[in-house]
Structure formats: C-alpha cells, structure tokens
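Below are the chains, spelled out letter by letter.
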Amino acid sequence: ADAARFNRLRYVELKHGRVAMLAVLGHIVTTAGARLPGDIDYHGTSFDSIPNGIDGLLSVPAAGLLQMFVFVGFLELGVMKDIAGTGEFVGDFRNDGALDFGWDSFSPEEQERKRSIELNQGRAAMMGILGLMVHEELPSHDPYMINALLGAPVDF
C-alpha cells in the first residue's frame, strides 16, 4: 500500500480506538450504577430505567437515538478533524492549538511515545468493547464474568 492509504488506515484506526476507549469507559461506569439524574424523555422515562449495554441502546427512545446520531455526525463532520490543515501527524486534531493540552511542551521522543501509547490503548479498547458486547450475549448475561467467580456477580 502507498503512504496515502496507510495514513488513511491509521487515521481510521485512531478514530475507532478513541471511540472504543470512550465506549469501554461508558460501559464500566454505567454498569457500576452511575446515571444522569432526571428523565430521558418527556414521557417520564428516567435514565435509571435504561438498562446497561446493548439492551440500553435498544431502550433509548427513537428521538434520543436521532439526537445521538446527529451529534456524532456534527462531531465527525465539523469538529474532530484537522480543520486548519496544520496537523503534524495523522489524527492530530489540535487545530492551531485549540486542543493542545501541552503537547508542544513534550520532546519529540515523548510525543512519539505518547502517540504509540494512544494507538495501543485504542487497539486494546476495540478488543475490550467487542469482548464486553459478546459477553452480554452469553447465557450468563454477565460481561464481567470474573465477578461471578469472586462471588459478586453483576445482574445484567
């Protein structure tokens, strides 16, 4: 493959890894019982009544799914990309320092190390969220099977 194809594949890998890291974190936090206060719609459906995992996605009202789709589309098309064309590398969405967080203060070696860490953690998160989704569909319905072995099963 040529350099342009490699860069496109790396860009997609980074983006999927970032989404997967958020998905794993969201799965763990909601399974632990953290929920937003209030209702998810005007019919009185509370956030607490939405189940975890895949079943939760299926329980969100259609208008809520549409809002999520539009919001993610907005982020994809208008925010999470190299708008200014000043990215130093594939996946650099800082856009002239708006999201820098001290990146320029790191040495080139440290920047390379941090980019490698993000890439590897993204790969691990992609496998992690896939494993969590598969475990949800297993007959035990416990994505954290180790909890059952330790005597604290999660009722999914």
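Quick note: structure is the one above.
Since this is a predicted model, take the numbers as computed values, not measurements.

Undergrad: Honestly, the side chain of Asn52 in this entry has me stumped. Any pointers?
TA: For Asn52, the position within the fold is in the loop between helix H1 (3-31) and helix H2 (53-59). On the accessibility criterion, Asn52 (13% relative accessible area) is buried. Within the local environment of Asn52, its side chain forms a polar contact with the side chain of Arg35, the two groups lying 2.6 Å apart.

Undergrad: Hey, could you run me through the packing of aromatic side chains in this one?
TA: The way to describe two aromatic rings as a pair is by their centre distance and the angle between their planes. Inspection of every chain in the model, using the stated rule, returns three aromatic pairs. Ring plane angle 80° and centroid distance 5.9 Å describe the contact between Tyr11 and Phe93, whose orientation is recorded as edge-to-face. Residue Tyr11 is located in helix H1, and its partner Phe93 is located in the loop between helix H3 (62-79) and helix H4 (108-136); the two are separated by 82 residues in the primary sequence. Summarising the aromatic geometry, the rings of Phe89 and Trp103 are spaced 5.7 Å apart at their centres and angled 50° between planes, so their arrangement reads as tilted. Note that Phe89 is positioned in the loop between H3 and H4 and Trp103 in the loop between H3 and H4, a separation of 14 residues in sequence. According to the relative accessible area criterion, Trp103 is buried, its value standing at 12%.

Undergrad: What is the right way to look at the pattern of salt bridges in this model?
TA: Opposite charge on two side chains allows them to pair when their charged atoms are near. Scanning the model with the defined rule gives seven salt bridges in all. Glu76 is paired through a salt bridge with Lys15; the nearest N and O atoms lie 2.9 Å apart. One end of the pair, Glu76, is in helix H3; the other, Lys15, is in helix H1, with 61 residues separating them in the sequence. For Glu76, a relative accessible area of 39% translates into the label partly exposed. A relative accessible area of 13% means that Lys15 is categorised as buried.

Reading guide: rules and limits
- Residues numbered from 1 in each chain as written.
- Predicted model: local features only at pLDDT ≥ 70, side-chain atom pairs only at ≥ 80, totals over all residues.
- Heavy atoms only, no water.
- Helix = DSSP H or I, 4+ residues; strand = E, 2+ residues; numbered from the N terminus.
- Buried < 20%, exposed > 50% of the residue type's maximum accessible area, 1.4 Å probe, protein only.
- Polar contact = N/O pair within 3.5 Å; in protein donor to acceptor, adjacent residues only side chain to side chain.
- Phe/Tyr/Trp six-rings, centres within 6.5 Å; stacked < 30°, edge-to-face > 60°.
- Salt bridge = Lys/Arg side-chain N within 4 Å of Asp/Glu carboxyl O.

By themselves, these figures tell us nothing about what the structure is for.
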